[in-house]
Amino acid sequence: METRICIYCQSSFIPNKYSRRQKVCSSPECQRKRQLESMKLWRQRNPNYFKYDESKGVVWLESQRKRSKLWREKNTDKVRSYRQAHFEEYRRYMREYMRSYREKKRKTSPAAPTENPSQGDL
């Protein structure tokens, strides 16, 4: 059987006989890179897949929020253990989330006057 060169690590490998289009060797690092690239391409082709569907309405959104809140209240230990296990990732995520939240809030709030003209100069 023919050998091919892996597109990630440049090592030669023998492709699987059932997968004629195989371009990546079977090493876990290369497979992980292949999967990440594949997911990235899929998300680029389907940008609205994970976004909220406005057609379902406000009632649906509120029920989902309520369901999520109830789950978090019942499973506080799971939420806490997840945060502890992924402490740095969670902090980084929350830091970025709050920055974007505050930025949106700043843009939507009415602009405060920067300078007050004095009444005595008339």
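Look above for the structure.
J.: Quick question: what am I supposed to make of the overall build of the protein here?
T.: When its secondary structure is counted, the protein shows 4 helices and 2 strands. Counting from the amino terminus, the protein carries its helices and strands in the arrangement β-β-α-α-α-α. Evaluated residue by residue, the protein yields a buried proportion of 7% over its 122 residues. In the protein, the share of contacts with a sequence separation of at least 24, taken over all contacts with a separation of at least 6, comes to 7%. Put simply, the protein shows about 11,800 Å² of open surface, and 53% of that area lies on carbon and sulfur atoms.

J.: Any chance you could explain the pattern of salt bridges here in plain terms?
T.: Oppositely charged side chains are able to pair whenever their charged atoms sit close together. Scanning all chains against the criterion turns up 4 salt bridges. Note that Glu 62 is salt-bridged to Arg 65, the shortest N-O span being 3.2 Å. Taken as a pair, Glu 62 and Arg 65 lie in helix α2 (residues 57-74) at a separation of 3 residues, close to a single helical turn. Residue Arg 106 is joined to Glu 103 by a salt bridge in which the shortest nitrogen-to-oxygen separation is 2.8 Å. You can see Arg 106 and its partner Glu 103 sitting in helix α4 (residues 87-108), 3 residues apart, about one turn around the helix. Residue Arg 106 is classed as exposed on the basis of its relative accessible area of 55%.

J.: Before we go on, may I ask you to explain the packing of aromatic side chains in this structure?
T.: Where two aromatic rings form a pair, the distance of their centres and the angle of their planes describe that pair. Scanning the model with the defined rule gives 1 aromatic pair in all. Measuring from ring centre to ring centre gives 6.1 Å for Tyr 93 and Tyr 97, while their planes differ by 25°; the resulting arrangement is stacked. Of this pair, Tyr 93 and Tyr 97 are both found in helix α4, 4 residues apart, which corresponds to roughly one turn of the helix.

J.: Is there a simple way to think about the state of the cysteines in this case?
T.: Disulfides are covalent bonds that connect the sulfur atoms of two cysteines. Taken as a whole, this structure holds 0 disulfides when the rule is applied. Not part of a disulfide, Cys 9 finds its nearest cysteine sulfur in Cys 30, a span of 3.6 Å. We classify Cys 9 as partly exposed; its relative accessible area is 39%. With no disulfide of its own, Cys 30 lies closest to Cys 25 among cysteine sulfurs, the gap being 3.6 Å. A relative accessible area of 4% places Cys 30 in the buried class.

Calculation criteria
- Residues numbered from 1 in each chain as written.
- Predicted model: local features only at pLDDT ≥ 70, side-chain atom pairs only at ≥ 80, totals over all residues.
- Heavy atoms only, no water.
- Helix = DSSP H or I, 4+ residues; strand = E, 2+ residues; numbered from the N terminus.
- Buried < 20%, exposed > 50% of the residue type's maximum accessible area, 1.4 Å probe, protein only.
- Contact = heavy atoms within 4.5 Å.
- Areas by Shrake-Rupley, 256 points an atom, 1.4 Å probe, with all protein chains shown as cover.
- Salt bridge = Lys/Arg side-chain N within 4 Å of Asp/Glu carboxyl O.
- Phe/Tyr/Trp six-rings, centres within 6.5 Å; stacked < 30°, edge-to-face > 60°.
- Disulfide = S-S within 2.5 Å.

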